[in-house]
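Listed here are the chains, written in short residue letters.
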Amino acid sequence: MTAENATSLLPGEPPITIHWRRSARARRLSLKVSGIDGRVTLTLPQRLAARHGQAFLEERAAWLRRSLATIPAPLQVDFGGELPIEGRLRRIIPAEGRQITLAEDRLLLPEGKAPARRLETWLKLRARARILEGAQRLSPRLGAAPGRITLRDPRSRWGSCTSAGDLMLSWRLILAPPAVLDYVLAHEMAHLKQMNHSPAFWAEVARIMPDYAAPRDWLRREGSALHRYRFAAPA
């Protein structure tokens with residue numbers, strides 16, 4: 001296994017796809033299982049022989065299978081299923097007309113071509129509106145305003161802030177309780193004042209959102225489940 005980014009199969013029942021990654025910064029072997037989709041990544045120091053990586057995998061095969069067994073299966077968004085929106089589960093119900101309507105315990109989704117994709121677009125628009133409103137509300141408290149705000153669907157982070165003051169947030173935060181989206185936004189906006197995670201940074205977060213601890217804990221416990229929902233039609 002000499003390629004920079006290669007894959008292999010770890011034998012067993014079932015076999016496990018392993019993504020190999022070499023890193024000049026790595027000082028030891030490491031194994032990571034994504035809580036989002038179960039992707040297994042083995043990172044090796046640049047000059048370590050591949051046989052050591054293979055032995056490392058075989059030693060940890062039982063741990064790998066236990067870890068993979070705890071990852072929730074993906075959920076296809078479809079009529080009759082449930083989807084959390086702003087922290088509340090809503091039953092997806094077929095509806096007439098053209099408008100998507102959100103009710104207390106259900107979501108009325110018009111039938112037609114690719115309804116789940118249409119719902120995804122609607123969720124992104126709702127997330128953007130919430131984020132823009134939140135940024136407008138928090139900016140006076142912080143004494144700074146963000147630049148460009150973009151929405152994406154990243155695997156490894158919920159938001160980011162560039163040195164130029166531009167923000168990126170995951171649109172999937174609209175599925176979480178509103179305070180969770182507010183926390184991620186406050187976190188990233190605090191980087192406009194402190195581009196680090198020092199005590200001074202956390203003081204900025206607390207200043208604009210004093211009760212941030214509970215939504216931060218929710219995100220750590222429950223956040224990976226937001227990635228379970230699939231909006232594309234099954235292949």
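Residues numbered from 1 in each chain as written. Predicted model: local features only at pLDDT ≥ 70, side-chain atom pairs only at ≥ 80, totals over all residues. Heavy atoms only, no water.

A. Spotlight on the pattern of salt bridges. Applying the stated criterion to the full structure yields 12 salt bridges. Note that Glu104 and Arg88 form a salt bridge whose closest N and O atoms lie 3.6 Å from each other. Separated by 16 residues along the polypeptide, Glu104 in the loop between strand 8 (101-102) and strand 9 (106-110) and Arg88 in strand 7 (residues 88-95) bring together distant segments of the chain. Asp153 serves as the salt-bridge partner of Arg172, at 2.9 Å between the closest nitrogen and oxygen. A residue pair is termed long-range when its members are at least 10 positions apart, and Arg172 in the loop between strand 12 (167-170) and helix 4 (178-190) and Asp153 in the loop between strand 10 (149-152) and strand 11 (159-161) qualify at 19 residues. Here the salt bridges share partners, and the residues they tie into one network are Arg130, Glu133, Arg137 and Asp182. (Salt bridge = Lys/Arg side-chain N within 4 Å of Asp/Glu carboxyl O. Helix = DSSP H or I, 4+ residues; strand = E, 2+ residues; numbered from the N terminus.)

B. Geometry of the sheet that holds strand 11. The three strands are arranged 10-12-11 in an open sheet whose pairing can be described as mixed. Each edge of the open sheet carries a strand with a single partner, namely strand 10 and strand 11. For this sheet the average axis-to-axis angle between neighbouring strands, irrespective of direction, equals 15 degrees. Across four bridges, strand 10 lies against strand 12 in parallel orientation. Across the sheet, the residue bridging to Ile149 is Leu167, located in strand 12. Against the sheet, helix 3 (residues 115-142) touches strand 10 and strand 12, its axis set at about 145 degrees to strand 10. (Pairing = 2+ DSSP bridges. Axes fitted to C-alpha atoms, helices over the stretch in contact; angles between N-to-C directions. Contact = heavy atoms within 4.5 Å.)

C. Molecular detail of the packing of aromatic side chains. According to the stated counting rule, one finds four aromatic pairs in the structure shown. Relative to Phe231, the ring of Trp171 has its centre 5.6 Å away and its plane inclined at 65 degrees; by these criteria the two rings are edge-to-face. Placement of the pair is Trp171 in the loop between strand 12 and helix 4 and Phe231 in the segment after strand 13 (229-230), with a sequence separation of 60 residues. The same class applies to Trp171 and to Phe231, which are both buried. Ring geometry for Phe201 and Trp202: centres 5.0 Å apart, planes at 75 degrees, overall edge-to-face. Each member of the aromatic cluster is reached from another via a ring pair, and the members are Tyr183, Phe201, Trp202 and Tyr212. (Phe/Tyr/Trp six-rings, centres within 6.5 Å; stacked < 30°, edge-to-face > 60°. Buried < 20%, exposed > 50% of the residue type's maximum accessible area, 1.4 Å probe, protein only.)

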